[in-house]
Amino acid sequence: MFRMRLPSLTPPDLSAHKNITALPVVLLALLLLLPLRGTAAGKKTKAADLVKDGQQINLNQQKYHDLFNELTKKYHFSDRELQTIFQGQRIKKRVLELMDKQWEARPYYRYAPLFLTRDKIATGRKKLGRYKKLLDRIEKEIGVDREIVIAIWGIESRYGTRQGRFNVLQTLNTLFAAYPRRSKFFRKQLIAFLVLCRENNVNPKTVKGSYAGAFGQTQFIPTSFRAYAVSFDGDDRRDVWNSVPDVLASIANYLKHFHWTLDAPVYAELGYTLKDKQLIAAKLKGRKGRVPWSVVRKAQGIDLPPSPHNKPLAIVALELPPGGKYFFRYIAAYPNFQAITEWNHSSRYAMAVSELAEAITERTDRR
């Protein structure tokens, strides 16, 4: 194993430079600090460092004038409505701190146990029984497997019991006003949020959610709500906060949009080594890497269930606990697995959903 050579911490020898005494003191200090690049002295300023918690958002800045202009002209909000919604909006510094925090990706052997708990499995089994008729209808009309719908519900909001504690309106304003890196994205989410609240007769000031603006039992961001949420309880309101039929059908509708196939495989075990360079290349490309089903079957020398419409597979590496013979467990990710990664781009997330779905049902043949 090669070691990275670290820069010497010995101050540079300036004696060889002519007229060294003529160098300004400030320049000398900068030269002495050169080897210390990357330390606290050069720490990158984060968005949360630039604000105070509770400071009032300046609604007179140009970006808000442009926002209000779009809301009035394109979405027909009145000046009075906008004043009621935005007046007194303040920065929530904790939102920025959480957005700025570099969350270290947990290896799968540490990630999965967070979701594959006895309580979550037991509750999931009860939900399958309790909502059997509803899930029958969802499978028939939308075409998404019930155990996957229940597993996502369990992971996203603990079956509706954890929907977030941040005020979504304040969160989205904070991120639009004070998070430059993704300000345009959250401007879009803020508009979508206000429109969906009006469409569904929801007071925008009362909605709670995550520090990133996701809300409800589905934890949809506003644009996802507008695109994929459905009403499945007989009224016209898409209620992902209180209506279990709407919640479960909306989860299913999202997956359907990304080409979920009922009763089709989600993943297949490939063992602990990849035996073909095409599989290795697909794995290295991440969730967008693909390899033909026939190549995977031949290379690994195993019998694989067919892929719907002969679509290609992704290759996923899942970390194993240290100390064993192998470092990774490899799986072939079928189009249904790929649909889950459209919900959350993490393959670890998709695998946790898949294994929770297996754990809460006796129908393991659906894997």
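In what follows, the structure referred to is the one given above.
These figures come from a predicted structure and were not determined experimentally.

## With respect to the overall build of the protein chain
Along the backbone of the protein chain there are 16 helices and five strands. Evaluated residue by residue, the protein chain yields a buried proportion of 45% over its 367 residues. Taking all contacts inside the protein chain whose residues are at least 6 apart in sequence as the whole, residues at least 24 apart take part in 69%. Split by element, the accessible area of the protein chain, about 21100 Å² in all, is 52% carbon and sulfur.

## Considerations on the environment of valine 295
You can see valine 295 is positioned in helix α14 (residues 293-300). Considered as a pair, valine 295 and leucine 313 are 18 residues apart in the sequence and their alpha carbons are 9.7 Å apart. The residues contacting valine 295, other than those within four sequence positions of it, are Asp276, Gln278 and Leu279.

## Description of the packing of aromatic side chains
Counted according to the given criterion, the structure contains 21 aromatic pairs. For the ring pair tyrosine 131 and tryptophan 153, a centre distance of 6.0 Å and an interplane angle of 65° mean the geometry is edge-to-face. Residue tyrosine 131 is located in the loop between α6 (118-130) and α7 (132-141), and its partner tryptophan 153 is located in helix α8 (residues 146-157); the two are separated by 22 residues in the primary sequence. Between phenylalanine 220 and tyrosine 254, the ring centres sit 6.0 Å apart and the planes meet at 25°, which makes this aromatic pair stacked. With phenylalanine 220 in the loop between β2 (208-209) and α11 (222-228) and tyrosine 254 in helix α12 (residues 244-257), the pair connects residues that are 34 residues apart, well separated along the chain.

## Quick notes on the nonpolar core
Counting residues in hydrophobic clusters, the biggest one holds 92 residues, and the most contacted among them are Leu71, Phe86 and Leu248. The contacts of leucine 248, once residues within four sequence positions are left out, are Leu134, Leu135, Ile138, Val149, Ile150 and Trp153. Within the second largest apolar cluster, 15 residues are counted, among which are Leu270, Val291, Trp293 and Ala299.

## Description of the sheet that holds strand β4 (residues 314-319)
A sheet is described by the order of its strands in space; here three strands give the open sequence β3-β5-β4, paired in antiparallel fashion. Because the sheet does not close on itself, it has two edges, and the strands there are β3 (267-271) and β4. Here the strands of the sheet are splayed against their neighbours by 35° on average, with no regard to which way each runs. When β3 meets strand β5 (residues 328-333), the two strands line up antiparallel, connected through four bridges. Within β5, the position partnered with glutamate 269 by the bridge is isoleucine 331. Sheet strands in contact with helix α16 (residues 347-359) are β3, β4 and β5, and its direction is about 110° off that of β3.

## Let's talk about helix α15 (residues 335-343)
Across the nine residues that make up α15, a large majority, eight, are buried. Taken residue by residue, α15 has Pro335, Asn336, Phe337, Gln338, Ala339, Ile340, Thr341 and Trp343 as its buried positions. Contacts from the buried residues of α15 go to α8, α12, β3, β4, β5 and α16.

## With respect to the pattern of salt bridges
Enumeration according to the criterion identifies 15 salt bridges in this entry. Notably, a salt bridge pairs glutamate 269 with arginine 329, separated by 2.6 Å at the nearest N-O pair. Of this pair, glutamate 269 sits in strand β3 while arginine 329 sits in strand β5, and the two are 60 residues apart along the sequence. Exposure remark for glutamate 269: the relative accessible area of 29% places this residue in the partly exposed category.

Parameters at a glance
Residue numbers restart at each chain and count upward from 1, following the sequence in its written direction. With pLDDT at 70 or above as the cut-off, local features in this predicted model cover only qualifying residues; side-chain atom pairs require 80 or more to be listed or tallied, and sums for whole chains, interfaces and linings still use all residues. With hydrogens and water set aside, each side-chain value is computed from the structure's full complement of heavy atoms. Helical segments are the DSSP runs of H or I of at least four residues, strand segments are the runs of E of at least two, and each set is numbered from the N terminus. Exposure classes here rest on a 1.4 Å probe applied to the protein chains alone. A residue is buried below 20% of its type maximum, exposed above 50%, and partly exposed in between. Throughout, a contact is declared for two residues whenever any of their heavy atoms are within 4.5 Å. Areas reported here follow the Shrake-Rupley algorithm with a probe of radius 1.4 Å; residue values treat only the protein chains shown as occluding. Here is the rule: rings of Phe, Tyr and Trp (six-membered ring for Trp) pair when centre to centre is within 6.5 Å. Planes less than 30 degrees apart are stacked, more than 60 are edge-to-face, and the remainder are tilted. In these notes, a set of buried Ala, Val, Leu, Ile, Met, Phe, Trp, Tyr and Cys residues joined through side-chain atoms within 4.5 Å is what counts as a nonpolar core. When DSSP finds at least two bridges between two strands, those strands are taken to pair. Axis angles are defined between N-to-C directions and span 0 to 180 degrees, where every axis is a line fitted to C-alpha atoms and, for a helix, only to the segment in contact. Any carboxyl oxygen of Asp or Glu within 4 Å of a side-chain nitrogen of Lys or Arg constitutes a salt bridge here.

None of the figures reported here should be taken as evidence of function without further support.
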